[in-house]
Amino acid sequence: MAAFESTVSQLSAVGVSLAVAYFFNRNDLKFWRVIAGLLLGVTLGSLTGLFAWALFQEKGGIDSLQLATNFAQVFLFSIIASLAGIYFGRKNSMRQNSMQGEEK
């Protein structure tokens, strides 16, 4: 069951981080959007992953070693997913800008 818990928390962190970072970087190429997408993606992804993990814990309590281990994993997955979201969002923005330049 522990593998299922960590997998669900990591997948939820990846999904939220990727979506938030992509959303912030799909429109234009401004640098502040990269920073905002990265920070919000990592923050919201980490919180979502920890919340998903905590939902599966028993009512007796949460072990601090498990919490620290899971937080490290979720945080790493959130960083990687946010960077991927930034990459794909900026790639989409560059493609849209080049298509608009050809139309003129």
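The structure presented is a predicted model; accordingly, all values stated were derived computationally and were not measured.

Trainee: Could you give an account of the overall build of the protein chain, with specific residues and numbers?
Mentor: Summing up its helical and strand segments, the protein chain has three helices and zero strands in all. Reading the protein chain from its N terminus to its C terminus gives the helix and strand order α-α-α. In terms of overall size, the protein chain is more extended than a compact globule, its C-alpha atoms giving a radius of gyration of 17 Å where 104 residues would be expected to give roughly 13 Å. Taken along its principal axes, the extent of the C-alpha atoms in the protein chain is 65 × 20 × 15 Å. Looking at the protein chain residue by residue over its 104 residues, the buried ones come to 33%. For the protein chain, the proportion of contacts with a sequence separation of at least 24, taken over those separated by at least 6, is 79%. Taking the 8 positively charged and 6 negatively charged side chains of the protein chain as two groups, their mean positions are separated by 13 Å.

Trainee: Talk me through the side chain of Ser-82; I want residue IDs and the actual numbers.
Mentor: Tracing the chain through its elements places Ser-82 in helix H3 (residues 64–103). Ser-82 gets classed as buried once you look at its relative accessible area, which sits at 0%. A distance of 3.3 Å separates the side chain of Ser-82 from the backbone nitrogen of Val-42, its partner in a polar contact.

Trainee: Describe in detail helix H2 (residues 31–55), supporting the description with residues and values.
Mentor: Here H2 contains 25 residues, and its C-alpha end-to-end distance of 36 Å stays within 8% of the 36 Å for a straight helix at 1.5 Å per residue. All of the buried residues along H2 are Arg-33, Val-34, Ala-36, Gly-37, Gly-41, Val-42, Gly-45, Ser-46, Gly-49, Leu-50, Ala-52 and Trp-53.

About the thresholds
- Residues numbered from 1 in each chain as written.
- Predicted model: local features only at pLDDT ≥ 70, side-chain atom pairs only at ≥ 80, totals over all residues.
- Heavy atoms only, no water.
- Helix = DSSP H or I, 4+ residues; strand = E, 2+ residues; numbered from the N terminus.
- Rg over C-alpha atoms; globule rule 2.2 N^0.38 Å.
- Buried < 20%, exposed > 50% of the residue type's maximum accessible area, 1.4 Å probe, protein only.
- Contact = heavy atoms within 4.5 Å.
- Lys, Arg positive; Asp, Glu negative; His and termini not counted.
- Charge placed at Lys NZ, Arg CZ, Asp CG, Glu CD.
- Polar contact = N/O pair within 3.5 Å; in protein donor to acceptor, adjacent residues only side chain to side chain.
- Expected span 1.5 Å × (residues − 1).

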